[in-house]
Amino acid sequence: MDPSRESMLEITAVTLHFGGLRVLSDVSMSAAAGEITALIGPNGAGKSSLVNCVTGFYHPQQGNISLFGRETTGLPAHRVAGLGVARTFQHIELFEGLSVIDNLMLGRHRHLKGGALSNGIFYGRSRREELQQRAAVEDIVDFLDMPHIRNTPVGLLPYGLQKRVDLGRALAQEPRLLILDEPMAGMNVEEKEDMARYILELRQESAISVILIEHDMGVVMDISDRVSVLDFGRFIAQGPPEQVRVDPAVIAAYIGAPAGAVTGEATGR
Amino acid sequence: MTETVIYPKQTMPQLLLQRLVDTPDAVALRVKDRGIWKPMTWREYGERIEHFALGMLELGLEPGENVAIIGDNWPQHLITDLAVQSLQGAGVVLYPESSPEEVAFIVGHAECPVVVVRDQEQADKLFEMQHELPGLRRIIYCDGRGMSLYDSKVAISFDEVLAMGARRAEANPHEYRESVERGKNSDIAILMYTSGTTGEPKGAMMTHLNVIAGVKNFFLAEPMKPEYERLVFLPLAWAGERYFSTAGHIMEGYRLNFAEGPETLRNDIREIGPHQLLGSPRMWEDYLSWIEVRIGEATWLKRSIYHWGMKVGQRRAEREYRGHKAGGWTRIQLAVAEFLVFRPLRDHLGLLRAERIYSGGAALGIDVMKYFHSLGIPLKQVYGQTEVGITTTHWDKMKPETMGRPVPGVEIVITENREIAHRSASVFVGYYKNQAATDEAFIGDVLRSGDEGYLDDDGHLVVVDRSKNVATLTSNERFSPTFIENKVKFSSYVREAVCFGDARDFPVLLINIDGEVVGKWAENQRIPYTTYTDLSQRPEVIELIREETARVNSEMPTFMRVPRLAILHKELDADDAEMTRTRKVRRAQVEQNYAFIIDGLYSDRTEVDVDAEVTYRDGRKARINTQLTLVDVPVESVQGVRT
């Protein structure tokens, strides 16, 4: 690994099984600050499980995970989130009856310091804090071009916008490591382009590290700095997109026969 | 003969200095940012203008040079405009949707060494065309997001320029005032590039006197109060909006409000409750269909109340046009309708306080206007052109079929070709670097409009159509295609209509359905569809439009009835040059693009094949391959056509 890259996430030799089902075997990867790392692989390859290990939702039987230079294997999910890890979900997990703003405000939870009593009275520090949090949320609303839906209940929004709110909710946590689980699934081309633009701008404006799980190969190859390919719980390739794209093992995993590259172009191997 | 009006001798920046003495602590404008309306006082506004002017000098701008401004409406645009004027230069505001080529043409033609952009989207256009703009030295951006990628020798932030100006002001506190005092009201204050329905844009040069006179004339007829809220609604590249937001604002001291963005406008209007608003016909048509769609979704009871209320309102409007008073029983009905229908609807539209509400830029359909009058919204049409400002409105009485009466200080002359012409202190001095076009614009000392029209018995201006649009059928009967179009566009299912018929036997129509409204209708009728193209050719939709047109036909004189029409497979678009940036249809271009459909309409055929390539903004192309149905519409007594 390039020593100049500040590592945000180190996964070393992680193995996870549920009973007799081995989901991840001896998996290692890293993600650096200011980089977009794509995690790809066929359905059931173990992508979401790996992410769940990182966020502390699953606890691997073997191996180590460290975040921001700190060992986090076995830490509960809320402690991991407190360190600055945020994620979006493949299936949107938002409060449908709450407005966009309120959903985002919930994302600010880890930055709230007041207790139940002082917030209940809503005076002094508590009030100032609320204003600060709201200002931070408004910056995200502006960043994601959502002013027009600010007060709309999330349940009324179209799917593409709900995905955007989900991203906003994750950003409200001000994460240092952002995990996006299929942020573009089910979107049309225009929505995908918007989402890709937000992810790129995010990387450009801050030293955030992004882990992107995505099936759209065009998007992955266009915006990622590194690509890791999982298949049956093992990494079969890791490296820059142009290298992974022509890797025979990857082609075999995706297409089943070594006839074309992941993008569908014939490589004439 | 017109009354003589005395105009201020100052320039706009000089009037601003006066305003700063008169009401320094009053709120000059508000911007909605991060969900909050943030006020700026006149003192703060004036200070920013001073600092920005000096900051631009620091950047190397020479007094007298022009500066261009591109982006969605934002106070920085006005600050730039007035700052440039205080250096004896002219501000050039471009439409935010302008293509990179349009931007390059105008910035090059106006020789702007500095361009102020709102955000990266606009900056990209300039960087893309930089090789064609050797004179462009600096790009000043208001929103820094994404701008760190650019060459910092060219791109600089608005705030940085303000800070540079503030330092210069501290070192030399009198420089700005001295510069402002050097200005004369015969200096060119603004260059307005007319989007024009034909040809390259032309830069109309307006002096300070032109702009001030234009505003003053209008306010003599339609006065504004300092406590009025005004929403900056149309693009500032549009003459009327620019006049009300610069000269008018400074002279009368009302408040300007800037919405958060185009998507939030409807909500922001409601929050502000503006007293004054200038909208385009398109916007009022959209409002109307927005109401109709929502009423269509309401419960039976609400729908019935609405329809009853609208009938009562229509009767009131009709009575008012005739100058009659309502009787006792009617007044009770009106009070109930006001409570149940009018007031709630006005509230929803954000027009509860609306007193000075206008439609301008193109003709508004009579039915649309009557609709708003029924709701008790005093919507008036304004007529004018970039080169002279606003010249008529309904300031003495409402007559929906006219453009209103000329305002004081404006004389309207009808030439022997039935063309409308203007004489006023607000008439411009000419087109920038285009003497030929300037010569063509004048007959002696009157400014030609290119519109055909006449003054009626009340002295109201009736505009028939653009002179070149007025069509003559083979039967020698003359008609206005725009009139027919507006009649058809009153239907909320129709978004755009273009009528042809010159030197033909009868008029025909090309129609754009309103994708949103018709789409909803189709859903309710359980009609499946995929794309706009598919929807537009569904038999049920064709039948719907046929019925709508047949209804319009029944209200028209026989020779103006439309027996054949086609629903277009795509929306007319400015990027395909089919519309101007103000969303006016470019008739000649449409005629050229769809000649094969028009020819089909005048033949026996029932279908035409369309194989068209569409180019998206990002350069991607797609092919549309479909069959358009040529629709026969029932008319009585049109010969030679199957009904």
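Residues numbered from 1 in each chain as written. Chains lettered and ligands numbered in written order. Predicted model: local features only at pLDDT ≥ 70, side-chain atom pairs only at ≥ 80, totals over all residues. Heavy atoms only, no water.

## Re the overall build of chain A
Of the regular secondary structure elements, chain A holds ten helices and ten strands. Expected size for 269 residues packed as a compact globule is a radius of gyration near 18 Å; at 20 Å, chain A falls within 12% of this value. Carbon and sulfur atoms provide 53% of the accessible area of chain A, an area that totals close to 12400 Å². Side-chain charges in chain A split into 25 positive and 33 negative, and the spacing between the mean points of these groups amounts to 7 Å. (Helix = DSSP H or I, 4+ residues; strand = E, 2+ residues; numbered from the N terminus. Rg over C-alpha atoms; globule rule 2.2 N^0.38 Å. Areas by Shrake-Rupley, 256 points an atom, 1.4 Å probe, with all protein chains shown as cover. Lys, Arg positive; Asp, Glu negative; His and termini not counted. Charge placed at Lys NZ, Arg CZ, Asp CG, Glu CD.)

## Looking at the overall build of chain B
Counting its regular elements, chain B contains 22 helices and 29 strands. Taken over the C-alpha trace, chain B has a radius of gyration of 25 Å; the compact-globule value for 643 residues is 26 Å, and the two agree within 12%. Taken along its principal axes, the extent of the C-alpha atoms in chain B is 80 × 65 × 55 Å. Classification of the 643 residues of chain B by burial places 58% in the buried group. Within chain B, residue pairs in contact and separated by at least 24 positions form 66% of the contacts whose partners lie at least 6 positions apart. Taking the average place of the 77 positive charges on the side chains of chain B and the average place of its 94 negative ones, the gap between the two points comes to 5 Å. (Buried < 20%, exposed > 50% of the residue type's maximum accessible area, 1.4 Å probe, protein only. Contact = heavy atoms within 4.5 Å.)

## Brief notes about the interface of chain A and chain B
Each side of the interface is counted separately: chain A has 14 residues, and chain B has 13 residues. Across the interface of chain A and chain B, roughly 1100 Å² is buried in total on both sides, 38% from carbon and sulfur atoms. Broken down residue by residue, the surface that chain A buries against chain B is led by H148, R150 and Q204 of chain A, which jointly contribute 35%. On inspection of chain A and its partner chain B, the count reaches four salt bridges. The shortest N-O distance in the salt bridge between R145 of chain B and E201 of chain A comes to 2.8 Å. At the boundary of chain A with chain B, the tally comes to six residue pairs in polar contact (both at pLDDT 80 or more). Where the side of chain A that touches chain B is concerned, the elements lending two or more residues are α5 (125–143) and α7 (189–205) of chain A. Counting residues per element, the side of chain A that touches chain B draws most heavily on α7 of chain A, at six residues. The residue makeup of the side of chain A that touches chain B, split by class, is four nonpolar, two polar and eight charged. (Buried area = accessible area lost by both parts, 1.4 Å probe. Salt bridge = Lys/Arg side-chain N within 4 Å of Asp/Glu carboxyl O. Polar contact = N/O pair within 3.5 Å; in protein donor to acceptor, adjacent residues only side chain to side chain. Nonpolar A, V, L, I, M, F, W, Y, C, P; charged D, E, K, R; others polar.)

## A closer look at the sheet that holds strand β10 (residues 234–239) of chain A
All names here are of chain A. Read across the open sheet, the six strands follow the order β6-β7-β8-β3-β9-β10; overall the sheet is mixed. Taken across any chain shown, the strands that pair with only one partner, and hence form the sheet edges, are β6 (85–88) and β10. On average, each strand axis in the sheet is tilted by 15° relative to the strand beside it, whichever way the strands run. Relative to strand β8 (residues 209–213), strand β7 (residues 177–181) is paired through five bridges, and the arrangement is parallel. Following the sheet pairing, L180 is matched in β8 by L212. Each of β6 and β7 touches helix α2 (residues 77–84); the most contacted strand, β6, lies at about 105° to it. Against the sheet, α7 makes contact with β3 (36–40), β7 and β8, and its axis sits at roughly 140° relative to β3, the strand it touches most. (Pairing = 2+ DSSP bridges. Axes fitted to C-alpha atoms, helices over the stretch in contact; angles between N-to-C directions.)

## Quick look at the pattern of salt bridges
All names here are of chain B. Using the criterion set out here, one finds 59 salt bridges over all chains in the structure. We note a salt bridge from K38 to D33, for which the minimum N-O separation is 3.5 Å. By relative accessible area, D33 is classed as partly exposed at 26%. Across the pair D456 and K399 runs a salt bridge whose closest N-O atoms are separated by 2.6 Å. Of this pair, D456 sits in the loop between β21 (446–455) and β22 (461–466) while K399 is found in the loop between β15 (389–393) and β16 (405–406), placing the two residues 57 residues apart along the sequence.

## With respect to the sheet that holds strand β19 (residues 430–431) of chain B
Residues and elements named next belong to chain B. Strand order in this open sheet of eight strands is β7-β6-β5-β3-β4-β8-β9-β19, and the pairing throughout is mixed. The open sheet has two edge strands, β7 (155–157) and β19, and neither has a second partner. Where strand β8 (residues 188–194) lies against strand β9 (residues 202–207), six bridges are found, and the strand directions are antiparallel. Bridged to T194 within β9 is K202. Running at roughly 70° to β7, helix α6 (residues 158–171) makes contact with β5 (114–117), β6 (138–141) and β7 of the sheet.

## Thoughts on the side chain of H109 of chain B
Residues and elements named next belong to chain B. Checked against the element boundaries, H109 lands in helix α4 (residues 100–109). Under the relative-accessibility criterion, H109 is labelled buried at 18%. Among the polar contacts made by the side chain of H109, one reaches the side chain of Y193 at a distance of 2.7 Å. Excluding residues that lie within four positions of it along the chain, H109 makes contacts with Y193, Y432 and K433.

## Let's talk about the nonpolar core
Among the nonpolar cores identified, the biggest contains 120 residues, and Y45, F52, M56, I140 and W284 of chain B are the most heavily contacted of them. It is helix α2 (residues 42–58) of chain B that contributes the most residues to this core, eight residues altogether. Not counting residues within four places of it along the chain, the set of residues in contact with W284 of chain B comprises L277, G279, L351, I357, Y358, S359, L364, V368, F372 and L379 of chain B. Residues V100, L167, A172 and V210 of chain A belong to the second largest nonpolar core, which totals 36 residues. (Core = buried A, V, L, I, M, F, W, Y, C linked by side-chain atoms within 4.5 Å.)

## Some details on the packing of aromatic side chains
Scanning the entire structure with this criterion turns up 18 aromatic pairs over all chains. Ring centres of F143 of chain A and Y198 of chain A lie 6.0 Å apart, and the angle between their planes is 50°; this geometry places the pair in the tilted category. You can see F143 of chain A sitting in helix α5 and its partner Y198 of chain A sitting in helix α7, a full 55 residues away along the chain. In this pair, the class of F143 of chain A matches that of Y198 of chain A, namely buried. Between W284 of chain B and F372 of chain B, the ring centres sit 5.2 Å apart and the planes meet at 75°, which makes this aromatic pair edge-to-face. Here the residue W284 of chain B occupies a position in helix α12 (residues 281–297), and F372 of chain B occupies one in helix α15 (residues 366–374), the gap between them amounting to 88 residues. Each member of the pair, W284 of chain B as well as F372 of chain B, carries the same accessibility label: buried. Ring pairs connect the aromatic residues F218, F219, F244, Y254 and Y358 of chain B, which therefore count as one cluster. In this arrangement the basic side chain of R176 of chain A is found over the ring face of F68 of chain A, its NZ or CZ atom lying 4.0 Å from the centre. (Phe/Tyr/Trp six-rings, centres within 6.5 Å; stacked < 30°, edge-to-face > 60°. Lys NZ or Arg CZ within 6 Å of the ring centre and 35° of its normal.)

## Quick look at empty space enclosed by the protein
On inspection of all chains with the given rule, the structure shows seven cavities of 30 Å³ or more. Empty space within the largest cavity amounts to approximately 90 Å³. The wall of the largest cavity is formed by 13 residues, among which E285, D286, S289, K489 and V494 of chain B lie closest to the centre. Ranked by the residues each element gives to the lining of the largest cavity, the list is headed by α12 of chain B, at five residues. Here the second largest cavity defines a volume of roughly 50 Å³. Lining the second largest cavity, in full, are G160, L161, R164, M187, E191, D194, M195 and Y198 of chain A. For the lining of the second largest cavity, the secondary structure elements donating two or more residues are α6 (159–172) and α7 of chain A. (1 Å grid on protein atoms, 1.4 Å probe; cavity = no way out; pocket = protein on both sides within 12 Å on 5 of 7 lines; lining within 4 Å. Points joined across faces, edges and corners; volume = space filled by probe spheres on them.)

## Thoughts on the packing of α12 of chain B against helix α14 (residues 328–349) of chain B
Residue and element names in this part refer to chain B. Interhelical geometry of α12 versus α14 gives an angle of 125° and a closest axis separation of 12 Å. Viewed along their axes, α12 and α14 adopt a mutual orientation that is oblique. Considering how the two elements wind past one another, α12 and α14 form a crossing that is right-handed. Taking contact as the criterion, the partners of Y287, W290 and I291 in α12 are, on α14, L345, H348 and L349. When grouped by side-chain class, the residues that make up the contact of α12 with α14 number five nonpolar, one polar and no charged. (Parallel < 35°, antiparallel > 145°, perpendicular 65-115°, else oblique. Left-handed = near helix turned anticlockwise from the far one by under 90°.)

## A closer look at the state of the cysteines
In this structure the tally under the stated criterion is zero disulfides over all chains. The cysteine C142 of chain B is free of any disulfide, with C112 of chain B supplying the nearest cysteine sulfur at 15 Å. (Disulfide = S-S within 2.5 Å.)

## Remarks on the side chain of N73 of chain B
All names here are of chain B. Tracing the chain through its elements places N73 in the loop between β3 (67–70) and α3 (75–86). Accessibility expressed as a relative area gives 13% for N73, which makes it buried. Looking at N73, its side chain comes within polar contact range of the main-chain oxygen of L234, at 2.7 Å. At 3.0 Å, the side chain of N73 forms a polar contact with the backbone nitrogen of L236. Leaving out residues up to four positions away in the same chain, N73 has contacts with R118, V232, F233, L234, P235, L236 and F258.

Treat this as a map of the structure, not an account of what it does.
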